[in-house]
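So you can see what is in the structure, the chains are spelled out below.
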Amino acid sequence: MNFRRSPKIGRDAMLKSRPARNDALEWEKNDSEEISITLVRGTDWKARILSKIFWIPERRTLLLDQIGAQVWEMCDGKTSVDAMIRSLS
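None of these values were measured; they are calculated from a predicted model.

Participant: Explain the overall build of the protein here, please?
Facilitator: Scanning the protein from N- to C-terminus turns up four helices and three strands. Moving toward the C terminus, one meets the helices and strands of the protein in the order α-β-β-α-β-α-α. Taking 2.2 N^0.38 as the reference for a compact globule, 89 residues should give roughly 12 Å; the C-alpha atoms of the protein span a radius of gyration of 17 Å, well beyond that estimate. Summarising its shape, the C-alpha atoms of the protein cover approximately 50 × 45 × 20 Å along the three principal directions. Expressed as a percentage of the 89 residues in the protein, the buried residues total 17%. Put simply, the protein shows about 7700 Å² of open surface, and 53% of that area lies on carbon and sulfur atoms. Where the 16 positive side-chain charges of the protein centre and where its 13 negative ones centre are 12 Å apart.

Participant: Can you walk me through the side chain of S80 in this structure?
Facilitator: Looking at the secondary structure, you find S80 in the loop between helix 3 (66-74) and helix 4 (81-88). On the basis of relative accessibility, which here comes to 11%, the residue S80 falls in the buried class. In contact with S80, not counting residues within four places along its chain, are L15, K16, S17 and R18.

Participant: Would you mind showing me how to read the sheet that holds strand 2 (residues 35-40) here?
Facilitator: For sheets, the rule is that strands pair by backbone hydrogen bonds, running either parallel or antiparallel. Spatially, 1-2-3 is the arrangement adopted by the three strands of the open sheet, whose pairing is antiparallel. Looking at strand neighbours, the two that pair on one side only are strand 1 (26-29) and strand 3 (59-64), the edges of this open sheet. When the angles between neighbouring strand axes are averaged without regard to direction, this sheet yields 20 degrees. Strand direction decides the pairing type here: strand 2 and strand 3, joined by six bridges, are antiparallel. Directly across from T38, in strand 3, lies its bridge partner T61.

Participant: Quick question: what am I supposed to make of the pattern of salt bridges here?
Facilitator: For side chains bearing opposite charge, pairing can occur when the charged atoms are close. Within this structure, the stated rule accounts for four salt bridges. The partner of K29 in a salt bridge is E73, with the nearest N and O atoms 3.1 Å apart. Of this pair, K29 sits in strand 1 while E73 sits in helix 3; the two residues are 44 residues apart in sequence, bridging distant segments of the chain. Since its relative accessible area comes to 38%, K29 is described here as partly exposed. Linked by salt bridges that have partners in common, K29, E33 and E73 make up one network.

Participant: Would you explain the packing of helix 3 against helix 4 in this entry?
Facilitator: Axis separation between helix 3 and helix 4 bottoms out at 11 Å; the angle between their running directions is 150 degrees. For the element pair helix 3 / helix 4, the angle class is roughly antiparallel. Crossing handedness for the pair helix 3 and helix 4: right-handed. The residues of helix 4 that touch helix 3, namely those facing I67, Q70, V71 and M74, are M84, S87 and L88.

The rules behind the values
- Residues numbered from 1 in each chain as written.
- Predicted model: local features only at pLDDT ≥ 70, side-chain atom pairs only at ≥ 80, totals over all residues.
- Heavy atoms only, no water.
- Helix = DSSP H or I, 4+ residues; strand = E, 2+ residues; numbered from the N terminus.
- Rg over C-alpha atoms; globule rule 2.2 N^0.38 Å.
- Buried < 20%, exposed > 50% of the residue type's maximum accessible area, 1.4 Å probe, protein only.
- Areas by Shrake-Rupley, 256 points an atom, 1.4 Å probe, with all protein chains shown as cover.
- Lys, Arg positive; Asp, Glu negative; His and termini not counted.
- Charge placed at Lys NZ, Arg CZ, Asp CG, Glu CD.
- Contact = heavy atoms within 4.5 Å.
- Pairing = 2+ DSSP bridges.
- Axes fitted to C-alpha atoms, helices over the stretch in contact; angles between N-to-C directions.
- Salt bridge = Lys/Arg side-chain N within 4 Å of Asp/Glu carboxyl O.
- Parallel < 35°, antiparallel > 145°, perpendicular 65-115°, else oblique.
- Left-handed = near helix turned anticlockwise from the far one by under 90°.

Pasting the structure below:
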């Protein structure tokens, strides 16, 4: 068996990276500037088996506060991690 480790990303490359949201996720912003993200359990065979072994809800909602919402909105595939850090500080 070959257990190769993937190469580690350097600090400069990480700061230049541009995170993007997963388009498959459902999300909405409410009046108090919070964002709710809804995760839906998969329907493939692996998810069905795991949901029988472990309790996995069909839907789960995560609520992001104002800072989390700012980060979420900056994950547009255009804003770099470095720019996010500077914006939040």
